[in-house]
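A structural walkthrough
Each chain is listed here by its residues.
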Amino acid sequence: MNKYLLFVFFIFCSWIPPSTQAEFVVSYRDAAGAPTKYFDYYTAVLKLALEKTLPDYGDYRMQGIAAFDTERTLYALASDQYANLIVERSYDGVLTESKRLTYIDFPVEGGIVGYRVCFINPAIKQQIKKIQTLAELRRYNIVQGIGWADTAILRHNGFKVLEINNYGSMFKMTTAGRADLFCRGANEILAEYEEFKDLYKLEFDESFVLYYPLPRFFYLHSKNKIAKKRIEAGLKLAYQDGSLKKLWHKYYQASIDFSKLNQRKIFRLENPLLQDLSRDYEQYLFDPVEKATPSLQHQNLRKNTVTTK
């Protein structure tokens, strides 16, 4: 076989028809049938980012996996157990110390989860309304999940935090008075209230909101470089053309309205987990009260800050 024929033979054997090329699969946590549909927004954002990048990256397939607890989820990420597994997590520099994990520097929820509205022990609801300082608020304990960033943040700011691993039990503990407060994002509070209010006779505080910067990013295994590049590009395209904000309003606006953030005292806390994080992500944050009714627009949320002593 002469050199020319050998070259042609090599090219022919090396070429893979498009129909047989490796499929681009992205795995995500799927909690099909979950009562509060917690993962629906993240799944929709991920799909939007992939759709925005179709012209440059081609087709894809999304693969749902079981929604594990925090420990098992981090193990699945670190061990690269699923193809291009994408998991939303509040930022914590510890997650990337081993170099196995990386994150896409774009706040998936636009910062809304940092506005914390609390379910409350009914017996103390009237006491809480009278609180004017953080020192007074610190007298009450707060229940949170094991491994949640909120736990470290609240303890750093002087709060007593009860940690448990069962999500549903947190509502029951609060109603029964074994915990004083269970604080949730303003984007989460409505769905959870509607789901659990009759089961646990839930009540929520209407007088204050805790605020601490709590950007949530998409985390993935460090070796999945193409997935990272593609999804980051898609998120930025969706932000620029307004489609991400439209999706954000679709999933979260009703809960934000329900929270009435503009009518609350706001207690601002420090997030010690962000010390090594660039503030570039802040350019992508959404204003949670921009669509408030005209009668509320003049009440700038940022002016309702109370003393943090």
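Here, the structure is the one placed above.
Residues numbered from 1 in each chain as written. Predicted model: local features only at pLDDT ≥ 70, side-chain atom pairs only at ≥ 80, totals over all residues. Heavy atoms only, no water.

What follows covers the overall build of the protein chain. Each helix and strand in the protein chain was counted, giving 12 helices and 11 strands. Considering the protein chain as a whole, with its 309 residues, one finds that 49% of them fall into the buried category. For the protein chain, the share of sequence-separated contacts (at least 6 apart) that also reach a separation of at least 24 residues comes to 81%. Element-wise, carbon and sulfur atoms account for 52% of the exposed surface of the protein chain, whose accessible area totals about 15,800 Å². (Helix = DSSP H or I, 4+ residues; strand = E, 2+ residues; numbered from the N terminus. Buried < 20%, exposed > 50% of the residue type's maximum accessible area, 1.4 Å probe, protein only. Contact = heavy atoms within 4.5 Å. Areas by Shrake-Rupley, 256 points an atom, 1.4 Å probe, with all protein chains shown as cover.)

Of all 6 residues in strand 10 (residues 216–221), 6 are buried, a share of seventy percent or more. Inspection of the sheet shows strand 3 (residues 85–90) paired to strand 10 by 4 bridges, in the antiparallel sense. When the sheet's bridge partners are listed, Ser90 is paired in strand 10 with Arg216. Sheet topology note: the strand 4 (residues 101–104)/strand 10 ladder contains 4 bridges and is antiparallel. By the bridge assignment, Leu101 is partnered in strand 10 with His221. (Pairing = 2+ DSSP bridges.)

At a closest axis distance of 7 Å, the pairing of helix 2 (residues 40–52) and helix 10 (residues 225–240) adopts a crossing angle of 95°. In terms of their interaxial angle, helix 2 and helix 10 are classed as roughly perpendicular. Of the residues in helix 10, those touching helix 2 at Val45, Leu46, Leu48, Ala49, Leu50 and Lys52 are Arg230, Ile231, Gly234, Leu235, Leu237 and Ala238. Counted by class, the contact of helix 2 with helix 10 contains 9 nonpolar, 1 polar and 2 charged residues. (Axes fitted to C-alpha atoms, helices over the stretch in contact; angles between N-to-C directions. Parallel < 35°, antiparallel > 145°, perpendicular 65-115°, else oblique. Nonpolar A, V, L, I, M, F, W, Y, C, P; charged D, E, K, R; others polar.)

A word on unusual backbone geometry. One non-glycine residue, Asp80, lies in positive phi territory at about 50°. Here Asp80 lies in the loop between helix 4 (70–78) and strand 3. At Asn84, a position not held by glycine, the phi torsion is positive, near 45°. Mapped onto the elements, Asn84 comes out in the loop between helix 4 and strand 3. Of the residues examined, Asn84 reaches a relative accessible area of 13% and is grouped as buried.

Turning next to the packing of aromatic side chains. Taken as a whole and judged by the stated rule, the model has 28 aromatic pairs. The interplanar angle of 80° and the centroid separation of 5.1 Å between the aromatic rings of Phe171 and Phe182 together place this pair among those described as edge-to-face. Of this pair, Phe171 sits in helix 8 (residues 167–176) while Phe182 sits in strand 8 (residues 181–185), and the two are 11 residues apart along the sequence. For Phe171, a relative accessible area of 0% puts it in the buried group. With 5.1 Å between their ring centres and 50° between their planes, Phe204 and Phe258 make a pair best called tilted. Taken together, the residues span a long stretch of sequence, with Phe204 in the loop between helix 9 (189–200) and strand 9 (208–211) and Phe258 in helix 11 (residues 243–259) at a distance of 54 residues. Classification of Phe204 as buried rests on a relative accessible area of 12%. (Phe/Tyr/Trp six-rings, centres within 6.5 Å; stacked < 30°, edge-to-face > 60°.)

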